[in-house]
Amino acid sequence: MSHADTALPVSLDRAAVTPLAVQLADALREAAASGHLRGGDRLPSTRALAGRLGVSRTVTSAAYEQLHAEGWIAGRHGSGTYVTTPPSFSASQVPAPAVPAPETVAPSLLDLGPGTPWADGLDRAAWRRAWRAAADPDPLVRAHRAGLPEYRAAVSEHLLRHRGLAAGSVLATGGTTAAVVELAAAVLERGDVVAVEEPGYQRAVQAFRRAGMRVVGVPVDLEGLRPEAIPADARAVYCSPAHQYPMGSRLSAARRVSLVERARAASMLVIEDDYDGELRFDVAPLPMLASLAPDVVAHLGTTSKILTPTLGAGWMVAPEAITSAVLAYRDSTGTRPSPAGQRVLYEFARNGDLGRHLRKLRREMAERRTLLAGALAAAGIPVRGDDAGAHLVVPFSSASVEASVIASAERRGIRLDGLARHFAGTPSAHGVAIGYAGCSREALVAALPTLVSLLR
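Cut-offs applied
- Residues numbered from 1 in each chain as written.
- Predicted model: local features only at pLDDT ≥ 70, side-chain atom pairs only at ≥ 80, totals over all residues.
- Heavy atoms only, no water.
- Axes fitted to C-alpha atoms, helices over the stretch in contact; angles between N-to-C directions.
- Helix = DSSP H or I, 4+ residues; strand = E, 2+ residues; numbered from the N terminus.
- Parallel < 35°, antiparallel > 145°, perpendicular 65-115°, else oblique.
- Contact = heavy atoms within 4.5 Å.
- Nonpolar A, V, L, I, M, F, W, Y, C, P; charged D, E, K, R; others polar.
- Salt bridge = Lys/Arg side-chain N within 4 Å of Asp/Glu carboxyl O.
- Buried < 20%, exposed > 50% of the residue type's maximum accessible area, 1.4 Å probe, protein only.
- Patch = residues over 30% accessible without salt bridge, like charges linked within 9 Å, V, L, I, M, F, W, Y side chains within 5 Å.
- Areas by Shrake-Rupley, 256 points an atom, 1.4 Å probe, with all protein chains shown as cover.
- Lys, Arg positive; Asp, Glu negative; His and termini not counted.
- Charge placed at Lys NZ, Arg CZ, Asp CG, Glu CD.

Take the packing of helix H6 (residues 176-186) against helix H10 (residues 320-333) next. It is at 9 Å that the axes of H6 and H10 come closest, and there the two elements cross at 95 degrees. Here H10 runs roughly perpendicular to H6, going by the angle between their axes. For the pair H6 and H10, the contacting residues are Glu182, Leu183, Ala185 and Ala186 in the first and Ile322, Ala325, Val326, Tyr329 and Arg330 in the second. Of the residues contributing to the contact of H6 with H10, the split by class is 7 nonpolar, no polar and 2 charged.

Structural data, given as structure tokens:
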């Protein structure tokens with residue numbers, strides 16, 4: 001017997017990073033799996049459920065479409081949407097998950113999400129040579145609070161040679177997120193307003209929130225962050241001007257000037273995440289905001305995307321007041337960036353291996369982007385993002401399309417990254433960010449027909 005207006009055990013957390021549509025689908029799926037919802041139970045309409053939960057109909061529609069694609073629910077013409085789980089399926093009958101035999105383990109997904117480095121492109125001989133050389137010095141008795149002097153010198157030379165930044169003072173960091181955590185703790189105060197790109201890098205957002213900052217999203221368009229939308233009371237703004245993550249735009253020259261002027265007038269710190277700054281294919285790498293305004297910009301860089309995140313090696317170039325505050329924070333907490341990764345990067349750069357790897361990386365990523373973008377364009381699929389970096393964006397018209405495509409791709413062995421999870425607030429753009437660095441070129445080529453059919 002079907003049940004009209006079935007009571008649903010749904011609780012949505014609007015402060016969570018997980019999109020509301022995903023939370024709703026998870027809750028309904030769990031209710032059906034546990035027996036709270038039984039086969040034949042009728043669900044509210046998407047409009048009625050949206051009103052009941054206080055969310056947009058886009059959220060409920062996306063959740064229903066996801067569950068329909070997975071086979072948990074079905075629609076009956078003229079009579080609504082019903083749970084398809086057999087009525088005899090109850091919580092007490094849910095079998096314990098079986099451990100599959102090795103030969104039956106499902107193949108792993110081809111990961112086409114952004115943010116993964118091209119590890120296969122590393123020259124293994126040069127890489128091993130750097131690690132061996134890094135192990136030669138005697139163990140350190142005490143870690144350098146600012147980082148190994150030779151590492152900092154190597155970073156300064158690299159920034160000057162490859163990016164045109166004359167770095168007066170370089171601090172070693174454990175990576176971009178680690179640097180954000182330090183800035184939030186050492187420079188900012190609880191309750192400070194921090195402006196972030198929307199959509200943007202959610203690890204940075206969470207770092208600010210955990211430190212007690214009030215995070216405000218600033219819209220991003222084809223020219224990058226919109227400086228005029230930054231709140232007047234913002235103490236800091238976090239941005240990725242070289243290749244915005246995840247939308248792929250670059251901050252235009254006019255907006256760079258506008259952002260710097262706003263920062264100077266309001267005594268606001270600009271935190272520049274140089275995401276994909278090394279990977280431009282149409283022109284030389286763009287000048288950094290730190291070159292334009294070293295007095296108000298804290299520049300953050302890392303080896304995570306050009307080499308590997310396992311090194312834990314990053315850097316910060318900032319005004320003396322900022323670096324002094326960070327060093328004082330390290331002294332008071334006893335925290336230090338690990339010197340092991342610093343030694344490896346220094347050795348990798350010392351003999352020119354880093355420069356050779358970057359040239360090889362740019363050529364490979366340019367060719368892969370041309371390959372992927374060309375296949376999508378030939379099928380009439382729009383692509384968004386500058387000719388740079390290691391990912392591009394395919395926009396969609398709605399959250400339901402985004403959720404459906406991601407689910408369909410996973411069933412066909414491909415992991416795609418939706419834009420929804422990159423919003424600190426309610427998503428206002430929909431689509432997928434497709435990375436092309438984390439797999440082999442052969443795997444990317446083999447996946448193109450499936451990818452095109454999914455996105456068409």
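In this structure the tally under the stated criterion is 20 salt bridges. A salt bridge links Arg145 to Asp331; the shortest N-O distance between them is 2.5 Å. In this pair, Arg145 is assigned in the loop between helix H4 (124-134) and helix H5 (149-163) and Asp331 in helix H10, connecting sequence segments 186 residues apart. Judged by its relative accessible area of 35%, Arg145 falls in the partly exposed class. Notably, a salt bridge pairs Asp221 with Arg255, separated by 2.6 Å at the nearest N-O pair. Here the residue Asp221 occupies a position in strand E7 (residues 214-221), and Arg255 occupies one in helix H8 (residues 253-266), the gap between them amounting to 34 residues. Ionic contacts of the salt-bridge type, sharing partners, join the residues Glu364, Glu367, Arg368 and Arg441 into one network.

Glancing now at a positive patch on the surface. A surface patch of like charges, here positive, comprises Arg124, Arg128, Arg132, Arg359, Lys360 and Arg363. Elements that contribute at least two residues to the positive patch include exactly H4 and helix H12 (353-378).

The subject of this paragraph is the packing of helix H11 (residues 339-350) against H12. In the contact formed by H11 and H12, the axes pass within 5 Å of each other and the chain directions differ by 80 degrees. Taken together, the axes of H11 and H12 are roughly perpendicular relative to one another. Listed contacts from H12 to Leu345, Phe348 and Ala349 of H11 are Asp353, Leu354 and His357. Taken together, the residues of the contact of H11 with H12 break down into 4 nonpolar, 1 polar and 1 charged.

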